[in-house]
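Residues per chain, in single letters:
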Amino acid sequence: MIAVTFALPEESRDFLRATRGRTDVAVIHTGMGLEASATATDTLLARSRPEWLLSGGFAGALDSRLQLGDVILAENFTAPSLWERVPPNAHRGKLVSRARPAELVPEKATLFRETGALAVDMETEAIAAACQRAGVPMLAIRAISDRADQPLPAPLAEWFDLARQRPRPRRLIAYLCRRPSAIWPFARFVCGLPVARRALTRTLLDCIDR
């Protein structure tokens, strides 16, 4: 059995549809953030032992060469024995995880300069640590949901409650009403998510079927 993790259902929707009925794949939603993903992965690996774990999801680009929907192999979090499963079109390099998203372009630029990472997310480091503790090989794949030159259109705190692991739709609407100039960037960001999700799904399917 292969365990496949996603932070949120928004990332896994297409993959779940494509793998419906398969008994060799188990999908787990860890929640968003380092703490939630660590807890969920530890719980999973205490109850079952997959052959290997595939960590999938979205990430924000730090390298300006990456475009929406590009896919990266996080070599620093992936067991080298699993690298051969990744299709050649994936970008290979370092991924960095942070407790909070890099929301502004200067933040992304600083993080790229300090770490040399291709992209940033909020879960992979914690999932990799849990896999290491359990002795389970891990493969980490991320699809780019926002470019390095694009700020996130709304602060995380305005649309998602990390403590309760649930969206804040009313707070988001209130934020956008106060800042009408953010409505178009937010709509553009949301419209780009299916592009990232389709690219992610194709790559994950390639990885598990190789």
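Here, the structure is the one placed above.
Fair warning: this is a prediction, and the values are worked out from it, not measured in the lab.

Helices and strands together make up the secondary structure of the protein, namely seven helices and 10 strands. The C-alpha radius of gyration of the protein comes to 16 Å, within 12% of the 17 Å expected for a compact globule of 210 residues. Counting all 210 residues of the protein, 51% fall into the buried class. Of all intrachain contacts in the protein linking residues separated by at least 6 positions in sequence, the fraction that spans at least 24 positions is 73%.

Counted by the stated rule, this structure contains 13 salt bridges. Here Asp 14 and Arg 197 are joined by a salt bridge, their closest N and O atoms 3.4 Å apart. With Asp 14 in helix H1 (residues 9–18) and Arg 197 in helix H7 (residues 183–209), the pair connects residues that are 183 residues apart, well separated along the chain. Of the two residues, Asp 14 and Arg 197, both sit in the buried class.

Our next topic: the packing of helix H2 (residues 34–47) against helix H4 (residues 124–134). At a closest axis distance of 8 Å, the pairing of H2 and H4 adopts a crossing angle of 25 degrees. With respect to their mutual orientation, H2 and H4 come out roughly parallel. In terms of crossing hand, the pair formed by H2 and H4 is right-handed. Contacts between H2 and H4 involve Leu 34, Ser 37, Ala 38, Thr 41, Asp 42 and Leu 45 from the former and Glu 125, Ala 126, Ile 127, Ala 130, Cys 131, Arg 133 and Ala 134 from the latter.

Time to look at H1. Within the span of H1, buried status applies to Glu 11, Ser 12, Asp 14 and Phe 15. Looking straight down H1, one finds its buried side chains confined to an arc of 150 degrees; they lie on one side. In this fold, the buried residues of H1 make contact with strand E1 (2–6), strand E2 (25–29), strand E3 (52–61) and H7.

So, on to the environment of Gly 57. With respect to the helices, strands and loops of the structure, Gly 57 is situated in strand E3. With 45 residues separating them in the primary sequence, Gly 57 and Ser 12 have C-alpha atoms 7.7 Å apart. Excluding anything up to four places from it in sequence, Gly 57 contacts Phe 6, Glu 11, Ile 141, Arg 142, Ala 143 and Leu 200.

Only a minority of non-glycine residues have a phi that is not negative, and only a minority of peptide bonds are not trans. Of note in the backbone geometry, Gln 165 takes a positive phi value of approximately 55 degrees without being a glycine. When you line up the elements, Gln 165 lands in the loop between strand E9 (160–161) and strand E10 (166–167). The class for Gln 165 is partly exposed, based on a relative accessible area of 27%.

With 27 residues, H7 ought to run about 39 Å at 1.5 Å a step, and its terminal C-alpha atoms sit 40 Å apart, in line with that. Of the positions making up H7, those classed as buried are Phe 186, Gly 192, Leu 193, Ala 196, Arg 197, Ala 199, Leu 200, Thr 201, Thr 203, Leu 204, Cys 207 and Ile 208.

Considering soluble globular proteins, one finds that nonpolar side chains tend to be buried as a cluster. Residues Val 4, Leu 54, Leu 139, Ile 141 and Leu 204 are the most contacted members of the largest nonpolar core, which totals 24 residues. At the level of secondary structure, the elements contributing two or more residues to this core comprise E1, E3, strand E4 (71–74), strand E8 (138–146) and H7. With residues near it in sequence (within four places) discarded, Leu 54 still touches Ala 3, Val 4, Thr 5, Leu 139, Ile 141, Leu 204, Cys 207 and Ile 208.

Moving on, we get to the packing of aromatic side chains. Throughout the structure, instances matching the rule amount to two aromatic pairs. Residues Phe 6 and Phe 15 carry aromatic rings whose centres are separated by 5.6 Å and whose planes lie at 50 degrees to one another, so their mutual orientation is tilted. Considered together, Phe 6 and Phe 15 belong to a single accessibility category, that of buried residues.

Each value, and the rule that gives it
- Residues numbered from 1 in each chain as written.
- Predicted model: local features only at pLDDT ≥ 70, side-chain atom pairs only at ≥ 80, totals over all residues.
- Heavy atoms only, no water.
- Helix = DSSP H or I, 4+ residues; strand = E, 2+ residues; numbered from the N terminus.
- Rg over C-alpha atoms; globule rule 2.2 N^0.38 Å.
- Buried < 20%, exposed > 50% of the residue type's maximum accessible area, 1.4 Å probe, protein only.
- Contact = heavy atoms within 4.5 Å.
- Salt bridge = Lys/Arg side-chain N within 4 Å of Asp/Glu carboxyl O.
- Axes fitted to C-alpha atoms, helices over the stretch in contact; angles between N-to-C directions.
- Parallel < 35°, antiparallel > 145°, perpendicular 65-115°, else oblique.
- Left-handed = near helix turned anticlockwise from the far one by under 90°.
- Arc of directions from axis to C-beta.
- Expected span 1.5 Å × (residues − 1).
- Core = buried A, V, L, I, M, F, W, Y, C linked by side-chain atoms within 4.5 Å.
- Phe/Tyr/Trp six-rings, centres within 6.5 Å; stacked < 30°, edge-to-face > 60°.

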